[in-house]
Amino acid sequence: MASDYYLELSNNPIKFEAVSQVTNVFFDESNKQVFAVRSGGVTGVVVKGPTEELSTSFRMEDKGPVISIKFSQDQRVLAIQRSKTSVEFLNFLNGIDCLEYSQSCKGKNNTIIGFIWTSPNEIVFVTDHGIELFQVIPERRSLKPLKNLTININWFVYCNNSKLLLLSSGAYGNSIQPLLFKKGGFLKLNKFEIELPAVPKTPPKLCLLERDVTLAMVYGQACVIVLRHIPPRVDRGPGAEVLIYTMEKMLTAKKSHLLALDKTGRFAVNVVDNLIIVHHQASKTSMIFDINLPGETDGYVTFHQPVTIPLPIKPFTLRVPSVQVSSDMAEVSCELYSPNWVVFQPDIVIDAKLGCLWRVELCLGNLATVLVDKCRLVDCLVQRVAGKLVLLNVLRHLLDPLIGTNLGVVAEVFDHLNEVYRTFLEIEMQSQMATPASTSPFSRPPSGPLTTSPRAAVVIDQSDMYTSVFVPIAEKAEGAAGKFVVAVLIEYVRSLGDNRIPVQHYLYELLINTMVHRKAFFQLHQLLQYHVVSDSKPLACLLLSLENIYPAAHQLALDMLKRLGTANEEIVEVLLSKKQILDALRFIRGNGTVEQASARKFLEAARNTGDDNIFYSVFKFFEQRNEQLRGGPNFTKGEHCDVYVKYYEEKFTNAGDKTPTDITPTETGCFYQLVK
């Protein structure tokens, strides 16, 4: 089944000549290049990299067995180690330069353990008695000493992404000296000791080996990942665990996480998209750990269990030429977790005997299937680079009315999503306004110790939820399903409010339309009355459009516009459109906007009513306004009221006191009450 795995090997592995009696294979972790060296290079060196630019082939003179071989980061110089005391160099400035030049280590009795290119033209020799940093000058075919450090070294581990080098020293090998490389030199960081599960009494021997230590970047921090085999005790059987030290501010290593493996045997570690993958050869399974997820803690170290159950890597078949027919290709199943596998950081698996290099990749869709705890799943997916589409699919399934997920779980999931959303908005506002995040309107008051977490790779905003989740599930809002959809939308609005995130009007529109579709008018009235739905002009317009279905929506819309305090013109337009002319006049008099009111607009609306009494009242209202403003009843040319003045004269000039003959005392009284 597809859900029987959540890891797979890359579809197109880098293929190279397999290890044989005449071919040696080397791997450069920094450039991710595989070197297949045949007969010491005489019959050819084939270099395979992740791109065409990092792939090449050439021949070189056989001067003895090759111990290590690496290109500089700009591919201009090739370094070859053939002895324990020196490294040879070949220039590739304009094709291969047949003239080699060499550099010996400075210490007479020093043995080179290995070498590292720390920049395009700087190389460091790691010897058993220290390190020596050189500048390579290819034009002169020479090296210039830059800096050195004397220290007894058992082994070393280097991470090119962090430029961090760990040197193991001491009788047990657990005394670690970190060095941070900068251009032209390096910084000596605070030394630390890695805890050992058991220390031999006598004689002392090397307990911490290079194979048990991995240096990788996890969530933007350099992490020292240590595999520890725990001997059996009275209270527990034998097992293994992974101890993680994080380099805080690239100064001090702090023990921060412990991963429980509860297995014994051979292990290997990869880091894929900030997830720590622990492969177990005996069970042929892999475990996934996410140190960003919460776990039990003693105040110093956080204890983690696997994100979900251990599962094998997806089976992989390799296409090879058929033995029977030369033109055909046959598919051969690759042995997973083979003894021939060698693992490199961050996500490389090499089978030197098969001649393949793969990258380990995540199957996030399958991970979403096997991870039952939906809140942990959400927390995990928001940190994955390719997690957005998978997360949206998870949310659609979770909120499907036919599934009927418990609303408590839905509310918790929304809170987890919107905490990430709020943090994103705070960071965006801080970067745009150059203000501390604590002063952002999205910020909550501090309620305890501040904790820092990595910035999420995925942010699900309101637009994503509306387009990809809520609209599809709202289409299923029939019968009891409609009630569930309304409850889900209200929970999302509540979660946004709790995180101080302004709700976009289209979410309110969807909520109101869904409630109207269900004829849940009483519930809608309550939401508006108790301000669960925030006031806005678009929302008021929506309510006005619902008047034919829900008559009370008209007054609710006017009340909303009045509360906004910035929608006076809209209120007047609504009243005029409903032919409530005198109410509109009362409104502008009440809010003090009579002087700014357009007489033409009111007179046109009054004439359209066909009621001469209303037109007369409106006309007299604005004549009195003109009297107060300009000392006379006449309209200015700019008001364009000539047509209405003419209409008034035609209607009322024959009346003795210029009042319509059919005005009743009550109507006249109402008019004078209005204008006083």
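Everything numeric here is computed off the predicted structure, so don't read it as measured data. (Residues numbered from 1 in each chain as written. Predicted model: local features only at pLDDT ≥ 70, side-chain atom pairs only at ≥ 80, totals over all residues. Heavy atoms only, no water.)

1. Quick word on the overall build of the protein chain
The helix and strand tally for the protein chain stands at 16 helices and 33 strands. Compactness check: the protein chain gives a C-alpha radius of gyration of 38 Å against a globular reference of 26 Å for 676 residues, more than 25% above the reference. Considering only C-alpha atoms, the protein chain reaches an extent of 125 × 60 × 60 Å along its principal axes. The burial tally for the protein chain puts 49% of its 676 residues in the buried class. When contacts within the protein chain are restricted to residue pairs at least 6 apart in sequence, long-range pairs at least 24 apart make up 52% of them. When the accessible surface of the protein chain is totalled, it reaches about 33400 Å², and 52% of it is carbon and sulfur. (Helix = DSSP H or I, 4+ residues; strand = E, 2+ residues; numbered from the N terminus. Rg over C-alpha atoms; globule rule 2.2 N^0.38 Å. Buried < 20%, exposed > 50% of the residue type's maximum accessible area, 1.4 Å probe, protein only. Contact = heavy atoms within 4.5 Å. Areas by Shrake-Rupley, 256 points an atom, 1.4 Å probe, with all protein chains shown as cover.)

2. Notes on the environment of Glu639
Mapped onto the elements, Glu639 comes out in the loop between α14 (612-630) and α15 (642-652). With residues up to four places along the chain from it excluded, the contact list for Glu639 reads Ala599, Arg600, Arg625, Asn626 and Arg630. Here the side chain of Glu639 touches Thr636 through a polar contact of 3.1 Å, landing on its backbone nitrogen. (Polar contact = N/O pair within 3.5 Å; in protein donor to acceptor, adjacent residues only side chain to side chain.)

3. Quick look at the side chain of Lys32
Within the secondary structure, Lys32 sits in the loop between β3 (23-28) and β4 (33-38). Glu29 is the oppositely charged side chain nearest to the buried, salt-bridge-free Lys32, at an N-O distance of 6.1 Å. Looking at Lys32, its side chain comes within polar contact range of the main-chain oxygen of Glu29, at 2.4 Å. If sequence neighbours within four positions are ignored, Lys32 has contacts with Phe27, Lys48, Gly49, Pro50, Gln345, Pro346, Ile348 and Arg359. (Lys, Arg positive; Asp, Glu negative; His and termini not counted. Salt bridge = Lys/Arg side-chain N within 4 Å of Asp/Glu carboxyl O.)

4. Points about the sheet that holds strand β13 (residues 130-137)
Taking strand neighbours across the sheet as the criterion, the four strands line up as β11-β12-β13-β14 in an open arrangement whose pairing is antiparallel. The sheet terminates laterally at β11 (112-119) and β14 (142-150), the two strands that pair on one side only. Each strand axis lies, on average, 25° off the axis of its neighbour in the sheet, ignoring direction. Bridge analysis of β13 against β14 gives eight bridges, and the strand direction is antiparallel. Each bridged residue has a counterpart across the sheet, and for Ile137 the counterpart in β14 is Ser142. (Pairing = 2+ DSSP bridges. Axes fitted to C-alpha atoms, helices over the stretch in contact; angles between N-to-C directions.)

5. As for the packing of helix α10 (residues 552-564) against helix α11 (residues 568-577)
Axis separation between α10 and α11 bottoms out at 9 Å; the angle between their running directions is 155°. Classed by the angle they form, the pair α10 and α11 counts as roughly antiparallel. Relative to α11, the crossing made by α10 is left-handed. In contact with His554, Leu558, Leu561 and Lys562 of α10, α11 contributes Glu570, Ile571, Val574 and Leu575. (Parallel < 35°, antiparallel > 145°, perpendicular 65-115°, else oblique. Left-handed = near helix turned anticlockwise from the far one by under 90°.)

6. A word on the pairing of β4
Burial of β4 is extensive: five of the six residues sit out of reach of the surface. Bridging between β3 and β4 involves six bridges; their strand directions are antiparallel. Paired with Phe27 across the two strands is Val34, which belongs to β4. The antiparallel pairing of β3 with β4 creates a hairpin that spans four residues between the two strands, and Lys32 there sits at a positive phi of about 60°. Note that β4 and strand β5 (residues 44-48) share five bridges and pair antiparallel. Its bridge partner being in β5, Val34 is matched across the sheet by Lys48. Two successive antiparallel strands, β4 and β5, enclose a turn made up of five residues, where Ser39 displays a positive phi of approximately 55°.

7. Some details on the packing of helix α13 (residues 599-608) against α15
Packing of α13 against α15 brings their axes to within 10 Å, and their N-to-C directions diverge by 45°. The orientation of α13 relative to α15 falls into the category oblique. Where α13 crosses over α15, the handedness of that crossing is left-handed. Contacts between α13 and α15 pair Arg600, Leu603, Glu604 and Arg607 from the former with Val643, Tyr644 and Tyr647 from the latter.

8. Quick look at α10
For α10, with 13 residues, the first-to-last C-alpha span of 19 Å sits near the 18 Å given by 1.5 Å per residue. Turning to α10, its buried residues number three or more, namely Ala553, His554, Leu556, Ala557, Leu558, Met560 and Leu561. Lining the buried residues of α10 we find α8 (521-529), α9 (537-545) and α11. At the exit of α10 stands Gly565, carrying a positive phi of roughly 75°. (Expected span 1.5 Å × (residues − 1).)

9. Looking at the nonpolar core
Within the largest apolar cluster, 121 residues are counted, with the highest numbers of intra-cluster contacts made by Leu417, Met465, Phe470 and Phe602. Ranked by the residues each element gives to this core, the list is headed by helix α6 (residues 480-498), at eight residues. Once you skip the residues sitting within four places of it in the chain, Met465 turns out to touch Leu395, Leu399, Phe414, Leu417, Ile460, Phe470 and Tyr492. Listed in part, the 23 residues of the second largest apolar core include Phe192, Val226, Ala253 and Leu258. (Core = buried A, V, L, I, M, F, W, Y, C linked by side-chain atoms within 4.5 Å.)

10. Structural notes on the UniProt feature "domain: Regulator of MON1-CCZ1 complex N-terminal" (unreviewed entry) in the protein chain
Here, UniProt's "domain: Regulator of MON1-CCZ1 complex N-terminal" (unreviewed entry) annotation points to residues 25-143. Secondary structure over residues 25-143 splits into 0% helix and 51% strand, and the C-alpha atoms at its two ends are 27 Å apart. (UniProt positions renumbered as here; feature names shortened; annotations may be inferred.)

11. Points about the pattern of salt bridges
Applying the stated criterion to the full structure yields 25 salt bridges. With its nearest N and O atoms 3.7 Å apart, the salt bridge here joins Glu88 to Arg82. Arg82 sits in the buried class, given a relative accessible area of 11%. Taking the shortest distance from any N to any O, the salt bridge between Arg494 and Asp498 comes out at 2.8 Å. Of the two residues, Arg494 and Asp498 are both situated in helix α6; the distance of four residues between them amounts to about one turn of the helix. Judged by its relative accessible area of 39%, Asp498 is partly exposed. The network of salt bridges with common partners includes Lys63, Arg82, Glu88 and Glu100.

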